[in-house]
Amino acid sequence: QLQAYGGGGVQAGDSLRLSCAASGRTFSSYVMGWFRRAPGKEREFVAQISGSGGTTDYADSVKGRFTISRDNAKNTVYLQMNSLKPEDTAIYYCAAKHGLRYIYWGQGTQVTVSS
C-alpha cells in the first residue's frame, strides 16, 4: 500500500516536498516512481529511483528542478520539487515497479502552482 502526501498550493518559484510511505517488508526491492496527471492531460512520468537509490531518471520537463530520493529504513520515497512552475500543477502519484511495469499505485496528492 502506498500513501502519498505533501501536496498543496504554492506560488511559482516555490518548493514542495512530496512523500510516499509504503507498507511491507520488501520496499527496497522495488523501483519507485512519481507520475503526475495535469487537468485534461494524460498521466506522465516524472521521476524514478532504483531500489538502492543509486540510479535515478527524470522527465526532461523536471530535470534540474526535481529530485527523487528514498529512505529504505523508513519505507519512504520523496520528490523534492524546486522552482515550481504553473505547468507543474497536477495530481502527483507514487508507484512501485514490479518487473517492467508499475503495478502498485498510491492515491494522488494535489499540487497547485499559481503564477
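Residues numbered from 1 in each chain as written. Predicted model: local features only at pLDDT ≥ 70, side-chain atom pairs only at ≥ 80, totals over all residues. Heavy atoms only, no water.

Asks: Help me understand the state of the cysteines, please; the structure alone is not making it clear to me.
Replies: The term disulfide refers to a covalent linkage connecting the sulfur atoms of a pair of cysteines. All chains considered together, the criterion is met by 1 disulfide. At a sulfur-sulfur separation of 2.0 Å, the disulfide partner of C20 is C94. As the torsion about the S-S bond is roughly 55°, the C20-C94 disulfide counts as right-handed. Taken together, the residues span a long stretch of sequence, with C20 in strand β3 (residues 16-22) and C94 in strand β9 (residues 90-98) at a distance of 74 residues. Note on C20: relative accessible area 0%, which makes it buried. (Disulfide = S-S within 2.5 Å. Helix = DSSP H or I, 4+ residues; strand = E, 2+ residues; numbered from the N terminus. Buried < 20%, exposed > 50% of the residue type's maximum accessible area, 1.4 Å probe, protein only.)

Asks: Looking at this structure, how should I read the packing of aromatic side chains?
Replies: Two numbers describe a pair of aromatic rings. These are the distance of the centres and the angle of the planes. One pass over the structure, following the stated rule, counts 5 aromatic pairs. Where Y30 meets Y104, the ring centres are 5.9 Å apart and the plane angle is 80°; that geometry is what we call edge-to-face. On the criterion of sequence distance, the pair formed by Y30 in the loop between β3 and β4 (31-37) and Y104 in strand β10 (residues 101-105) is long-range, its members being 74 residues apart. Since its relative accessible area comes to 18%, Y30 is described here as buried. Taking the centre distance of 5.7 Å and the plane angle of 75° together, the rings of F35 and F45 count as edge-to-face. (Phe/Tyr/Trp six-rings, centres within 6.5 Å; stacked < 30°, edge-to-face > 60°.)

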